[in-house]
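# Structure at a glance
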Amino acid sequence: MELAVLFGACLLISGVAIRVSAMLANQLGIVDRPGGHKQHEASTPFVGGCGLIAVVVSVPLLVGWFFGDSALFRIRGMLLGGLLIFLTGLADDIWRLGFKPRFMIQAVVALSMVFIGGVELRSLGELLPGVRVDLGWLAIPVTVFATIGLINAVNMIDGIDGLSGSISLVCLALTAVVAHLANNTGYTIFIVALMGGVGGFLYYNLRYPGNSRARVFLGDNGSMLLGFLFVWLFIALSQNRGGQQAAMPPVVALWLFALPLMDTVGIMLRRIWLGKSPFRPDRHHLHHLFLRAGFRTCDVVAFAAVMQFLFGLCGILGMLLGVPDYLMFWSFVGVFGVYFLLIVRPWRLVPGLRRLNNSLGLPSVQVRGIFVGYLRKERISEVIGVISAGLTRGYDYQLSIHELGSSRTDGRNVYCVVHIPSEGNDQLIGKIQRDAMRIRRRLARQPGVEVRLFLCRKSENDPRTAYSPIVGGGSRTGERRGVRSTLIYSMERGDGSMPSEAHGFGLSVPPGCS
């Protein structure tokens, strides 16, 4: 019960801190503006880290209230390093620091973690049978390297709404399980509090009904802070310190942080392989490839969170079952090898991801409406009535009816397109899919009538087809095979609502139809 109350309190603290910071963001210049390789269309505050730092600073007081002062580990080093890395990220969000000064400050933070917090990576575990890798004098350099790496791993995976926060929440939950299994009360309490901070951020950043896009971004201030906290937790829980037994072998940390780690290392190796700077941003991260394959943002986030959960579960099960460290390590290396081979040639991976999206029955991000065809001309009025009854309230659309220039079998050469401006709206795309299924069921007894989602084909996603707008909403030129069509009827509904009557179009029969 105390942990649940602590989580709720930190959720509230994070949410309030982010709300206040977002109100001040424009005045302070902490705003991400569209342009370059960024895909969002509205200026968005970079204040996600404000909620996290508010929670970190509040934790000692909250823990003292709920559990007593002795329940938490010595947090002075974490507070000092967290504040420094947060301010560095904030400066980077405002003034765009180069990677060299950022790396230098991250190294200083890593040294503060070692000398003030006493958190140091001294052993990597048994990476070969019978060979335990103790770092000795290399402990401090490796700790600095690991700190810089994890900080930037969280930063690099922060590419679409809700992704970094959702993956971080999964990682934290799994790490809390490890700390709890080891009876490490202090770190269990701190991780639960941090989960509340991430949850408060996700309220503003995650896409869900009523929140069609992120209202705030994590920013470098938040991603760098989260990365620092992760590296502190992973090192502290995987090393014997002060006579306290480690909560997990070091190799388990790789599995608990597998997806961000593999994505970062894989994309940097790919850039080097192509002769580019490993620090030059591009759009070849795994989440970008999912988007290119047609996955909606919310589906990419869900898929990534499930992947990270499964990776982390493998690490925890391996630890509980006593799997040797070297088997877990080389298994991870093998998984990373497969992952790298997949992402190194995205033009091969994207078609496979597109097939996966179709096989799972998920709507494509390219959905722009509903297609119904092919019909005889005399059936148009009846089918329009079915379409109107199948559409739900709450969105604008344009209905267009087209006649193909050449006759089809049995004279069925007319098709309908309900064009709906849904670009970037995951919830609306899901609603369109449900409406298409409803219309398909109602027309199931009509022989030869096809009902499917109407897609906006883009050349970067599907080189076979290209989208070319017409008066009635759109056409897929590749699938029409050059056959011209004539618009014979069009109407729009622009008030964002649908009447409850079955024939809510205010139907006017096209010329020549009955």
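As a starting point, this report considers the structure included with it.

Parameters at a glance
Residues numbered from 1 in each chain as written. Predicted model: local features only at pLDDT ≥ 70, side-chain atom pairs only at ≥ 80, totals over all residues. Heavy atoms only, no water. Helix = DSSP H or I, 4+ residues; strand = E, 2+ residues; numbered from the N terminus. Buried < 20%, exposed > 50% of the residue type's maximum accessible area, 1.4 Å probe, protein only. Contact = heavy atoms within 4.5 Å. Areas by Shrake-Rupley, 256 points an atom, 1.4 Å probe, with all protein chains shown as cover. Axes fitted to C-alpha atoms, helices over the stretch in contact; angles between N-to-C directions. Parallel < 35°, antiparallel > 145°, perpendicular 65-115°, else oblique. Left-handed = near helix turned anticlockwise from the far one by under 90°. 1 Å grid on protein atoms, 1.4 Å probe; cavity = no way out; pocket = protein on both sides within 12 Å on 5 of 7 lines; lining within 4 Å. Points joined across faces, edges and corners; volume = space filled by probe spheres on them. Nonpolar A, V, L, I, M, F, W, Y, C, P; charged D, E, K, R; others polar.

### Regarding the overall build of the protein
Of regular secondary structure, the protein possesses 17 helices and 11 strands. Expressed as a percentage of its 514 residues, the buried residues of the protein come to 54%. Look at the contacts in the protein between residues 6 or more apart in sequence, and 74% of them connect residues 24 or more apart. Entry remark: accessible area of the protein is about 22,900 Å², with carbon and sulfur atoms responsible for 61%.

### Here we look at the packing of helix α6 (residues 163-181) against helix α7 (residues 185-205)
Two numbers describe how α6 lies on α7: the axes approach to 9 Å, and their chain directions differ by 165°. Between α6 and α7, the crossing angle belongs to the class labelled roughly antiparallel. As for how α6 packs across α7, the hand of that crossing is left-handed. For the pair α6 and α7, the contacting residues are Gly165, Ser166, Leu169, Leu172, Ala173, Thr175, Ala176, Ala179 and His180 in the first and Tyr187, Thr188, Ile191, Leu194, Met195, Val198, Phe201 and Leu202 in the second.

### Describing empty space enclosed by the protein
Enumeration according to the criterion identifies one cavity of 30 Å³ or more in this entry. Of the pockets and cavities examined, the largest cavity occupies roughly 90 Å³. Around the largest cavity, the lining residues are Ile157, Leu163, Ile167, Leu259, Asp263, Leu286, His287, Phe290, Val300, Phe303, Ala304 and Met307. Within the residue set of the lining of the largest cavity, elements represented by two or more residues are α6, α10 (258-273), α11 (286-292) and α12 (297-320). The leading source of residues in the lining of the largest cavity is α12, at four residues. Of the residues assigned to the lining of the largest cavity, the class counts are 10 nonpolar, one polar and one charged.

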